[in-house]
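Secondary and tertiary structure notes
Each chain, written out:
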Amino acid sequence: MSEGNSTDRTVFVLNGPNLNLLGMREPEIYGADTLDEIAGRLEDQGHALSLAVDIRQSNHEGHLVDWLQEAAADRALAVILNAGALTHTSIALHDAIKAIDVPVIEVHLSNPAAREEFRHKSLIAPVAKGTICGFGALGYALALDAASKF
């Protein structure tokens, strides 16, 4: 995964807990693509859209908060956020998104509404520009295309 240069044509792609295990963890739910494979396709797509794509993953909530604030400080065009399970629990991520003026697109590989009850509520959705879910890895590409229109 790469980190792009700070520019107003940069899109941060932030991935939360356990997304480093994509391709191995429950592929019947999350697909067979690894995060590195998704990142490679996003970098190619970003290049075609004249965007720098800064892709990061952490299992730690505070890193995601720091990166959201960094995206704002760097005047990023947008943030694509797959917060994983933190989607349903993190008031800190909710507050960080609410505090910045960068549009955030929430992405999920699966459709949380079609899964366990505890996954039905997103604390991210009320403060996100929009949500894309249920399309597997294609959701990231759809989000990057949407971000390019900002």
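Up top is the structure.
Now for a look at the structure at hand. A quick note: this is a predicted structure, and the numbers were derived from the prediction, not measured.

1. Topic: helix 3 (residues 61–73)
End to end, helix 3 covers 19 Å across 13 residues, agreeing with the expected 18 Å (1.5 Å per residue, within 8%). Every buried residue of helix 3 is listed here: L64, V65, W67, L68 and A71. The buried residues of helix 3 occupy one face: seen down the axis, they fall within an arc of 165°. Summarising the contacts, the buried residues of helix 3 are in contact with strand 1 (10–15), strand 2 (52–57), strand 3 (78–82), helix 4 (91–99) and strand 4 (104–108). Within two residues after helix 3, R75 carries a phi angle of roughly 55°, on the positive side.

2. Considerations on the packing of helix 2 (residues 35–48) against helix 5 (residues 138–147)
Running from amino to carboxyl end, helix 2 crosses helix 5 at an angle of 25°, the nearest separation of the two axes being 10 Å. As the angle between them shows, helix 2 and helix 5 are arranged roughly parallel. The crossing of helix 2 and helix 5 is right-handed. Of the residues in helix 5, those touching helix 2 at L35, I38, L42, Q45 and G46 are Y140, A141, L144 and D145.

3. As for the sheet that holds strand 1
Pairing within the open sheet is parallel, and its five strands lie in the order 2-1-3-4-5. In the strand order of this sheet, the two ends are held by strand 2 and strand 5 (130–133), each with one partner. Geometrically, the sheet is characterised by an average inter-axis angle of 20° between neighbouring strands, direction not taken into account. Summarising the sheet, strand 1 and strand 3 pair through five bridges and their orientation is parallel. What sits directly across from V13, in strand 3, is I80.

4. So, a nonpolar patch on the surface
Residues F135, L138 and L142 make up a contiguous nonpolar surface patch of about 290 Å² in total accessible area. On the secondary structure map, L138 appears in helix 5. L138 sits in the partly exposed class, given a relative accessible area of 47%.

5. Regarding the packing of helix 3 against helix 4
Contact geometry for helix 3 and helix 4: axes closest at 9 Å, N-to-C directions at 5°. Put simply, helix 3 runs roughly parallel to helix 4. Contacts from E61, L64, V65 and L68 of helix 3 reach helix 4 at A92, L93, A96 and I97. Residue composition of the contact of helix 3 with helix 4, by class: seven nonpolar, no polar and one charged.

6. Some points on unusual backbone geometry
A positive phi is found at S50, a non-glycine position, where the angle reads about 60°. Summarising the element assignment, S50 is placed in the loop between helix 2 and strand 2. Look at R75: it is not a glycine, yet its phi comes out positive at around 55°. Structurally, R75 is set in the loop between helix 3 and strand 3. The class of R75 is exposed, set by a relative accessible area of 61%.

Cut-off values and rules
- Residues numbered from 1 in each chain as written.
- Predicted model: local features only at pLDDT ≥ 70, side-chain atom pairs only at ≥ 80, totals over all residues.
- Heavy atoms only, no water.
- Helix = DSSP H or I, 4+ residues; strand = E, 2+ residues; numbered from the N terminus.
- Expected span 1.5 Å × (residues − 1).
- Buried < 20%, exposed > 50% of the residue type's maximum accessible area, 1.4 Å probe, protein only.
- Arc of directions from axis to C-beta.
- Contact = heavy atoms within 4.5 Å.
- Axes fitted to C-alpha atoms, helices over the stretch in contact; angles between N-to-C directions.
- Parallel < 35°, antiparallel > 145°, perpendicular 65-115°, else oblique.
- Left-handed = near helix turned anticlockwise from the far one by under 90°.
- Pairing = 2+ DSSP bridges.
- Patch = residues over 30% accessible without salt bridge, like charges linked within 9 Å, V, L, I, M, F, W, Y side chains within 5 Å.
- Areas by Shrake-Rupley, 256 points an atom, 1.4 Å probe, with all protein chains shown as cover.
- Salt bridge = Lys/Arg side-chain N within 4 Å of Asp/Glu carboxyl O.
- Nonpolar A, V, L, I, M, F, W, Y, C, P; charged D, E, K, R; others polar.

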